[in-house]
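# Secondary and tertiary structure notes
Spelled out, the chains give:
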Protein chains: 2
Amino acid sequence: MIESPINEIDIVKAKTSKIEKVDFNNLAFGKTFTDHMFVCDFEDGKWQTPKIIPYQAMTIEPSARVFHYGQAVFEGMKAYKDENDRVFLFRPEDNHRRINKSAARMAIPEFPKDYFFKGLSELLNLDKDWIKPGIGNSLYLRPFVIATEPAISAAPSETYRFMIICSPAKAYYKGKVRVLFAEKFSRSADGGVGFAKAAGNYGAQFYPTSLAQKKGFQQIIWTDASTHEYLEEAGTMNIFFRIGNTLITAPNNDRILDGITRKSVIQLAKDLGIECEVRRVSVKEIRAAAQDGSLKEIFGAGTAAVISPISAFEHAGDVFEIDDIEESYASLFKQGILNIQHNEAEDLHGWRFEIK
Amino acid sequence: MIESPINEIDIVKAKTSKIEKVDFNNLAFGKTFTDHMFVCDFEDGKWQTPKIIPYQAMTIEPSARVFHYGQAVFEGMKAYKDENDRVFLFRPEDNHRRINKSAARMAIPEFPKDYFFKGLSELLNLDKDWIKPGIGNSLYLRPFVIATEPAISAAPSETYRFMIICSPAKAYYKGKVRVLFAEKFSRSADGGVGFAKAAGNYGAQFYPTSLAQKKGFQQIIWTDASTHEYLEEAGTMNIFFRIGNTLITAPNNDRILDGITRKSVIQLAKDLGIECEVRRVSVKEIRAAAQDGSLKEIFGAGTAAVISPISAFEHAGDVFEIDDIEESYASLFKQGILNIQHNEAEDLHGWRFEIK
Ligand SMILES: Cc1ncc(COP(=O)(O)O)c(C=O)c1O
Ligand SMILES: Cc1ncc(COP(=O)(O)O)c(C=O)c1O
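Residues numbered from 1 in each chain as written. Chains lettered and ligands numbered in written order. Predicted model: local features only at pLDDT ≥ 70, side-chain atom pairs only at ≥ 80, totals over all residues. Heavy atoms only, no water.

### Some details on the nonpolar core
One finds A:Phe67, A:Phe162, B:Phe67 and B:Phe162 to be the most contacted residues of the largest nonpolar core, which totals 133 residues. Apart from the residues within four sequence positions on either side, B:Phe67 is in contact with A:Met58, A:Ile60, A:Val66, A:Phe67, A:Ala72, A:Phe144, A:Ile146, A:Ala199, B:Ile60, B:Glu61 and B:Pro62. Residues B:Leu231, B:Ile243, B:Ile286 and B:Ile298 belong to the second largest nonpolar core, which totals 22 residues. (Core = buried A, V, L, I, M, F, W, Y, C linked by side-chain atoms within 4.5 Å. Buried < 20%, exposed > 50% of the residue type's maximum accessible area, 1.4 Å probe, protein only. Contact = heavy atoms within 4.5 Å.)

Below is the structure:
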């Protein structure tokens, strides 16, 4: 017997909306959630009928494997509204593909594409009032999967929960960011899980980042764990360097997250005739370029902040300031991507995905 | 004002015990839990009054940071009973020290020593019937800390929950173990969190281990991530090699868990006049020793399995079988440690800690 894909989602609507209580001009990132959430459990070897229910706390055993072994992966994506209240996602197929790539590395079963898209669209239809039009506004969507089996032997879970929760957002980073190049701590190993959005990759960065923050640097740019000579990525952003008029970014490998913003920047650079080299970037080269004045920009690229200009870096006790420039690539790409996301520019590559 | 340490624990006893329903001769590791659990929340910048309550599911927000960023650490320890129903722990101060070391690396506040010991002793007094006398029986104790703040920005939690849950156990591994030496995947990076019992370290091993299992090897012995030339440790055990009559084990570094069983073996070897070298062990050396017959034993050392003899290893497509030997070091150390744990041998180093 062939099982047909479930095309129904059980929906329980919230009796009242919390939206009136939310001050959309003063949103702390990731602390306010919409009225509904998407939930789908993996049991008896398969994903069960998905449901959408009012956003609420859940009940879970203290022995659930996620608490003990960090068997959990997630995604980060956003929904945008144009001036006509049409709702769009940005390259969501890539998020679906990536959460399954992350899942495979963490021994978590892959999540079916139709559930993912059906879930997103039902959820966004219910909670679309939470998406405010206007560039800079968005609804941050957090799909994630956790291992729920109540068993603490060191083995993969037999049961999982896939969820999507939604949080209204303004720009993530305020102002320019000062960064530190990692010299001692590392984010991930060759042959490890750095390329996956595995939960533990993030918690592991909090302590080194807190040390950086005490020295006045908001973020760390991670280097390869073996030599600390090559620049890889930041905690939640891929990194671009502009030397002269050329952009440079590290190639993907098993330590680096294959960012959707990163690859969009690479494509836009091509569209705009800006040279972009995807190759290893050494600390030495960037220090030298900062010294001789050819380093024009460094910026991060990621869903949360879109593009985040970096104004200074520290390495081996030396601080290098990067002067503001007019017509920066950072603002060019930021505007370019935001315009596509908000349906204010032509979508040459089919990146917009309308929710109907 | 100096705050005095809280010496009271709020205790709510279970109305009925589940113990009658448990078949102590057929225990799957880590699936059965005792009647009570210890819970202590970190809020407003400090650990609140601890409590012991009936073992139960808990309520937690889907946005709790532990689910998204794996900000979680744990310990593994055991309680043992002697023939007179006296209850002992084994070197518990080391578990307390280590959970705080793990916590610091994961930006989690340290847990006070008096709460830890008071919690353990109250909990074990309530659930002592779950500890069966007899070598091989124990109550596995799982202290752990999870980040509970309902916020999904990539930053450390403001709130945490420390818990201890208890699960009756027999020997963890059945029979001898065949292992694979890691050649591609890695467990942790220099400058990473491998030395910590951080949740994500474990989930990250499930997939590579499942591949090994498909090839007929139950465990992986991890090598250094940069070269894969040096043998480090297994998923939940440190590793010892016996070449001739000399024991060798890798030194601690920031990739390796500083195991309590490991250091007990090193001390017992000293007591017994067995030479033990703590130094880097290369794959090459172990292959050569297997080939010329001088490799007598490999065994793992960890709380769950105590000592786990390894009967074969695979590397670069070659499988090396290790013949059984009489009077193995593995059985010597296993017996030695179990006898101390169960109060059947003299405790020369003050490792036993009686719960009264
Ligand atoms: C480690 C890491 N690098 C880079 C990115 C940027 O990826 P994307 O552009 O797909 O958001 C993210 C986050 O999303 C990340 O977590
Ligand atoms: C990675 C790892 N190595 C080694 C060990 C052994 O340490 P211990 O002897 O303290 O149990 C453990 C588990 O406890 C572990 O998780």
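### Focus: the site of ligand 1
All names here are of chain A. Neighbouring ligand 1 are 17 residues; Tyr-202, Glu-233, Ile-260, Thr-261 and Thr-303 lie closest to it. At a separation of 2.8 Å, an oxygen atom of ligand 1 approaches a polar side-chain atom of Arg-98. Relative to its free-state accessible area of 380 Å², ligand 1 is covered by the protein chains to the extent of 97%. Elements that contribute at least two residues to the shell around ligand 1 include exactly strand E13 (231-234), helix H5 (260-272) and strand E17 (295-302). Looking at the shell around ligand 1 residue by residue, the classes come out as six nonpolar, seven polar and four charged. (Near = heavy atom within 4 Å. Polar contact = N/O pair within 3.5 Å; in protein donor to acceptor, adjacent residues only side chain to side chain. Areas by Shrake-Rupley, 256 points an atom, 1.4 Å probe, with all protein chains shown as cover. Helix = DSSP H or I, 4+ residues; strand = E, 2+ residues; numbered from the N terminus. Nonpolar A, V, L, I, M, F, W, Y, C, P; charged D, E, K, R; others polar.)

### Structural notes on the relation of the copies chain A and chain B
Taken as rigid bodies, chain A and chain B are interconverted by a rotation of 180 degrees and an axial shift of 0.0 Å, the fit giving an RMSD of 0.0 Å. Here the two chains are linked by the operation of a two-fold rotation axis. A share of 100% of the interface residues of chain A reappears at the interface of chain B, consistent with the copies meeting face to face through the same patch. (Least-squares fit on C-alpha atoms with pLDDT ≥ 70 in both.)

### Remarks on the pairing of strand E4 (residues 51-54) of chain A
The side chains of a regular strand alternate, first on one face of the sheet and then on the other. All names here are of chain A. One ladder, built from two bridges, connects strand E1 (residues 10-11) with E4; its direction is parallel. When the bridges of E4 are listed, Ile-11 appears paired with Ile-52. Here strand E2 (residues 36-43) runs beside E4; their pairing, made up of four bridges, is antiparallel. From the neighbouring strand, Phe-38 faces E4, where its bridge partner is Ile-52. (Pairing = 2+ DSSP bridges.)

### What about the interface of chain A and chain B?
Taken residue by residue, the interface counts 61 residues in chain A and 61 residues in chain B. On the surface where chain A and chain B come into contact, there are two salt bridges. The salt bridge partner of B:Lys31 is A:Glu149, with a shortest N-O separation of 3.6 Å. Counting the contacts that link chain A with chain B gives 19 residue pairs in polar contact (both at pLDDT 80 or more). Split into classes, the residues belonging to the side of chain A that touches chain B amount to 38 nonpolar, 16 polar and seven charged. Sheet topology note: the strand E5 (residues 58-60) of chain A/strand E5 (residues 58-60) of chain B ladder contains three bridges and is antiparallel. Bridging across to E5(B), A:Thr59 finds its partner in B:Thr59. (Salt bridge = Lys/Arg side-chain N within 4 Å of Asp/Glu carboxyl O.)

### Points about the environment of B:Ala330
For B:Ala330, the location among the structural elements is in helix H7 (residues 329-341). Apart from the residues lying within four places of it in its own chain, the contact partners of B:Ala330 are B:Glu297, B:Phe299, B:Ile307 and B:Pro309.

### Quick notes on helix H2 (residues 92-105) of chain A
Residue and element names in this part refer to chain A. In this model, H2 (14 residues) spans 20 Å end to end at C-alpha, consistent with the 20 Å of a helix rising 1.5 Å per residue. Every buried residue of H2 is listed here: Pro-92, Asp-94, Asn-95, His-96, Arg-98, Ile-99, Asn-100, Ser-102, Ala-103 and Arg-105. Once H2 ends, the next one or two residues include Ala-107, with phi positive near 60 degrees. (Expected span 1.5 Å × (residues − 1).)

### Here we look at the side chain of B:Lys197
Residues and elements named next belong to chain B. Within the element layout of this structure, Lys-197 appears in the loop between strand E11 (177-181) and helix H4 (199-214). The buried charged residue Lys-197 lacks any salt bridge partner; its closest oppositely charged side chain belongs to Glu-75, at an N-O distance of 5.4 Å. Excluding residues within four positions of it along the chain, Lys-197 makes contact with Ala-72, Val-73, Phe-74, Glu-75, Gly-76, Arg-98, Ser-102, Tyr-202 and Leu-257. (Lys, Arg positive; Asp, Glu negative; His and termini not counted.)

### Examining the packing of aromatic side chains
Applying the stated criterion across every chain, the model contains 51 aromatic pairs over all chains. Look at B:Trp47 and B:Phe111: their rings are 4.9 Å apart centre to centre, the planes differ by 85 degrees, and that puts the pair in the edge-to-face class. Of this pair, B:Trp47 sits in strand E3 (residues 46-47) while B:Phe111 sits in the loop between helix H2 (92-105) and helix H3 (113-126), and the two are 64 residues apart along the sequence. Judged by its relative accessible area of 3%, B:Phe111 is buried. Taken together, A:Phe38, A:Phe42, A:Trp47, A:Phe111, A:Tyr115, A:Phe116, A:Phe117, A:Tyr160, A:Phe162 and A:Phe353 form an aromatic cluster joined through their ring pairs. The residue whose ring lies beneath A:Arg280 is A:Tyr230, and the NZ or CZ to ring-centre distance is 3.8 Å. (Phe/Tyr/Trp six-rings, centres within 6.5 Å; stacked < 30°, edge-to-face > 60°. Lys NZ or Arg CZ within 6 Å of the ring centre and 35° of its normal.)

### Topic: the packing of helix H5 (residues 260-272) of chain B against H7(B)
All names here are of chain B. Axis separation between H5 and H7 bottoms out at 10 Å; the angle between their running directions is 105 degrees. If you check the angle between H5 and H7, you find them roughly perpendicular. Residues Thr-261, Ser-264, Val-265, Leu-268, Ala-269 and Leu-272 of H5 form the contact with H7, whose own contacting residues are Leu-332, Phe-333, Gly-336, Ile-337 and Ile-340. A class-by-class count of the residues in the contact of H5 with H7 yields eight nonpolar, three polar and no charged. (Axes fitted to C-alpha atoms, helices over the stretch in contact; angles between N-to-C directions. Parallel < 35°, antiparallel > 145°, perpendicular 65-115°, else oblique.)

### Quick notes on the packing of H2(B) against H3(B)
All names here are of chain B. Closest axis-to-axis distance for the H2/H3 pair is 11 Å, and the angle between their directions is 130 degrees. It follows that H2 is oblique to H3 by the angle criterion. In terms of crossing hand, the pair formed by H2 and H3 is right-handed. On the side of H2, the interface is formed by Pro-92, Glu-93, Asn-95 and His-96, while H3 contributes Lys-113, Phe-116 and Phe-117. (Left-handed = near helix turned anticlockwise from the far one by under 90°.)

### Focus: the site of ligand 2
Residue and element names in this part refer to chain B. Looking at ligand 2, there are 17 residues lining it, with Tyr-202, Glu-233, Ile-260, Thr-261 and Thr-303 nearest. Within the contact set of ligand 2, an oxygen atom lies 2.8 Å away from a side-chain nitrogen or oxygen of Lys-197. Contact between ligand 2 and Thr-303: an oxygen atom at 2.6 Å from a side-chain N or O atom of the residue. Its residues assigned to classes, the shell around ligand 2 comprises six nonpolar, seven polar and four charged.

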